[in-house]
Amino acid sequence: MLASQRRAAILAIVEEHGAARVSELVDQLGVSDMTVRRDIERLDGEGLLERVHGGAVAVSPRATDEPGFTAKSTLMTAEKEAIAQEAARLVQPGATIGISAGTTTYELARAVRDVPHLTVVTNSVPVAQLLHESQAAGHVVVLTGGVRTPSDALVGPVAVSALQGLHVDRLFLGAHGIDRSAGLTTPNLVEAETNRALVRSSRSVCVLADHTKVGIVGLSSFLDLHAVDVLISDSGLGARARQVLEESVEHLVLAAAGRGRSPRTEAAG
């Protein structure tokens, strides 16, 4: 396969799935890790895709684009795990918590699945399934109804109605994008309304978002940054983005991603 054909194949795979890992491309194309990385760097330089840690994502997402759960779960995995481990420290046995849909919040569910006597309200199909299968002592999982989105969220009037009258101690909330002016955003208008209902049901809001979410603006805003009690991101957050978040949220926590060890954390604000 010529280099141009190989790069065209990489671009086609990334555009079809929204993202791809280097290891996946190596397996599919039968070339070395270094070759794939060079091709990704070349395509990134040409503005055809965006190179990220461990792979590549499709470029120029529109405000209405909504990547699927599987595509998003391959990105920033170490950062998401570190954020989830930090957030799990806020969950005590017997707590009543909310967990919104998303891949980072799914990692939180994985991190707390053995915490006993949790009551969890969620609109995430994967989160509900994971906690149901964990069979931890005393788990109660409340799954809202609703229409299923590409990100495996249950949204719409049924979900909003199910959340009315419910109260959780703390909501763990994901976001497609975070911006100083737009706040927390999502490409899905109906999911935005469901997220607002989740926020209304909670006494405290903890946002889980890796550093690549900062500066992204989706179609619909659902929460102002000043309404966020805790925002947990990772140490890849740039100095300017960190300053914006420190000035906007009540408490910012940065988790350092590292496989095979407990994440170091840095608190700010």
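Definitions and limits used
Residues numbered from 1 in each chain as written. Predicted model: local features only at pLDDT ≥ 70, side-chain atom pairs only at ≥ 80, totals over all residues. Heavy atoms only, no water. Buried < 20%, exposed > 50% of the residue type's maximum accessible area, 1.4 Å probe, protein only. Helix = DSSP H or I, 4+ residues; strand = E, 2+ residues; numbered from the N terminus. Polar contact = N/O pair within 3.5 Å; in protein donor to acceptor, adjacent residues only side chain to side chain. Pairing = 2+ DSSP bridges. Axes fitted to C-alpha atoms, helices over the stretch in contact; angles between N-to-C directions. Parallel < 35°, antiparallel > 145°, perpendicular 65-115°, else oblique. Contact = heavy atoms within 4.5 Å. Nonpolar A, V, L, I, M, F, W, Y, C, P; charged D, E, K, R; others polar. Core = buried A, V, L, I, M, F, W, Y, C linked by side-chain atoms within 4.5 Å.

**What to know about helix α7 (residues 125–134)**
- Of all the positions in α7, only Pro126, Val127, Ala128, Leu130 and Leu131 are classed as buried.
- For α7, the N-terminal capping position is held by Ser124, with its side-chain oxygen 3.1 Å away from the main-chain nitrogen of Val127.
- Remark: Gln135 follows α7 within two positions and exhibits a positive phi of approximately 55 degrees.

**Structural notes on the sheet that holds strand β11 (residues 183–186)**
- As summarised here, the arrangement of the three strands in space is β10-β11-β13, forming an open sheet in which the pairing is antiparallel. For this open sheet the edge positions go to β10 (177–179) and β13 (220–223), each flanked by a neighbour on one side alone. Averaged over neighbouring strand pairs, the angle between their axes works out to 40 degrees when direction is ignored.
- Where β10 and β11 come together, three bridges link them in antiparallel fashion.

**Points about the packing of helix α1 (residues 3–17) against helix α3 (residues 33–45)**
- In the contact formed by α1 and α3, the axes pass within 10 Å of each other and the chain directions differ by 75 degrees. Between α1 and α3, the angle is such that the two are roughly perpendicular. From α1, Arg6, Arg7, Ile10 and Leu11 reach across to α3, where they touch Thr35, Asp39, Ile40, Arg42 and Leu43.
- Tallied by class, residues from the contact of α1 with α3 come to four nonpolar, one polar and four charged.

**Observations concerning the environment of Val207**
- You can see Val207 is positioned in strand β12 (residues 205–208).
- Taking the C-alpha atoms as reference, Val207 lies 9.7 Å from Leu225; in sequence the two are 18 residues apart.
- Among residues more than four places away in sequence, those in contact with Val207 are Leu173, Ile178, Leu184, Val228, Val230, Leu231 and Ile232.

**Describing the environment of Glu24**
- Secondary-structure assignment places Glu24 in helix α2 (residues 22–29).
- You can call Glu24 partly exposed: its relative accessible area is 31%.
- A C-alpha to C-alpha distance of 9.9 Å links Glu24 and Ile13, two positions 11 residues apart in sequence.
- For Glu24, the side chain forms a polar contact with the main-chain nitrogen of Arg21, separated by 3.0 Å.

**Examining the nonpolar core**
- The biggest cluster of nonpolar side chains holds 27 residues, and the ones touching the most others in it are Leu173, Ile178, Leu184, Val207, Leu223 and Leu231.
- Those elements that place two or more of their residues in this core are α8 (157–163), β9 (170–173), α9 (189–200), β12, β13, α10 (239–248) and β15 (251–255).
- When residues of this core are assigned to their parent elements, the largest contribution, four residues, is made by α9.
- Counting residues in hydrophobic clusters, the runner-up holds 24 residues, among them Ala84, Ala87, Ala95 and Leu130.

**Here we look at unusual backbone geometry**
- Positioned with a positive phi, His117 is a non-glycine residue whose angle comes to about 60 degrees.
- Along the chain, His117 falls in the loop between α6 (103–112) and β5 (119–122).
- On the accessibility criterion, His117 (48% relative accessible area) is partly exposed.
- Backbone geometry places Gln135, a non-glycine residue, at a positive phi of 55 degrees.
- Its location among the elements puts Gln135 in the loop between α7 and β6 (140–143).
- On the basis of relative accessible area, Gln135 is assigned to the exposed category, the value being 70%.

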